[in-house]
Amino acid sequence: MSAPRAIIQMLTTGSRIVYRAFGDAYKQAMANSAAAQTAAGNMKATADGDRMTRASGITVEESTKILNIEDANSKEELSSKFGHLFDANDPKKGGSIYLQSKVIRARERIEMHWAQEKLKAEQELAEKEKEKTEAPSDGSDKQQ
């Protein structure tokens, strides 16, 4: 076999391999994209349009599982579990910075939940006060 023919055959074979690799990579990227869209749809349905969940990327339920707490409204339990898990995953002590960041994000999400609940309660209280001040008088309060 002559040298030019061997070189052409190697280039042809190499280009086929590269073409197939790019084709497979494209197919995998499309599959990953479809899976990500499905997961995003599931998260949206689970979060029920919660802006805080979309902003943080984690739900309150996930946060309680990460921190191993039962009640998201228990500040004492959150504080103790957070402190323990944060220290246990300290990279200086051989822990994982990834897990430590997950613990931090879980605590932040629960704190967002508390702030959201507090804001809702304040808004409801303000609405009740506004309704009381705007309630029309029925005439029974008149002095005779």
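Computed from a prediction, not measured in an experiment: that's the story for all the values here.

### Examining the packing of aromatic side chains
Summed over all chains, the structure comprises 1 aromatic pair. Over the ring of Trp 114 we find Lys 75, and its NZ or CZ is 5.1 Å from the ring centre. For the cation-ring pair, Arg 107 lies above Phe 82, with the distance from its terminal atom to the ring centre recorded as 4.4 Å.

### So, the nonpolar core
With 9 residues, the main nonpolar core is built from Leu 67, Ile 69, Leu 78, Phe 82, Leu 85, Val 103, Ala 106, Ile 110 and Trp 114. Mapped onto this core, the elements with two or more residues apiece are helix H4 (75-88) and helix H5 (97-134). Looking at which element gives the most residues to this core, the answer is H5, with 4 residues. Residues within four places of Leu 67 in sequence aside, it is in contact with Leu 78, Lys 81, Phe 82, Leu 85, Val 103, Ala 106, Arg 107 and Ile 110.

### Description of the side chain of Thr 59
Relative to the helices and strands, Thr 59 resides in the loop between helix H2 (51-56) and helix H3 (60-67). If we skip the residues at most four places from it in the chain, Thr 59 touches Thr 53 and Arg 109.

### Some thoughts on H5
Under the 1.5 Å per step criterion, the end-to-end length of H5 is 55 Å for 38 residues, consistent within 8% with the ideal 56 Å. Every buried residue belonging to H5 is among Gln 100, Val 103, Ala 106, Arg 109, Ile 110, His 113, Trp 114 and Gln 116, and all of these are buried. Contact partners of the buried residues in H5: H2, H3 and H4. With a side-chain oxygen lying 3.3 Å from the backbone nitrogen of Tyr 98, the N-terminal cap of H5 falls on Ser 96.

Quick notes on the rules
- Residues numbered from 1 in each chain as written.
- Predicted model: local features only at pLDDT ≥ 70, side-chain atom pairs only at ≥ 80, totals over all residues.
- Heavy atoms only, no water.
- Phe/Tyr/Trp six-rings, centres within 6.5 Å; stacked < 30°, edge-to-face > 60°.
- Lys NZ or Arg CZ within 6 Å of the ring centre and 35° of its normal.
- Core = buried A, V, L, I, M, F, W, Y, C linked by side-chain atoms within 4.5 Å.
- Buried < 20%, exposed > 50% of the residue type's maximum accessible area, 1.4 Å probe, protein only.
- Helix = DSSP H or I, 4+ residues; strand = E, 2+ residues; numbered from the N terminus.
- Contact = heavy atoms within 4.5 Å.
- Expected span 1.5 Å × (residues − 1).
- Polar contact = N/O pair within 3.5 Å; in protein donor to acceptor, adjacent residues only side chain to side chain.

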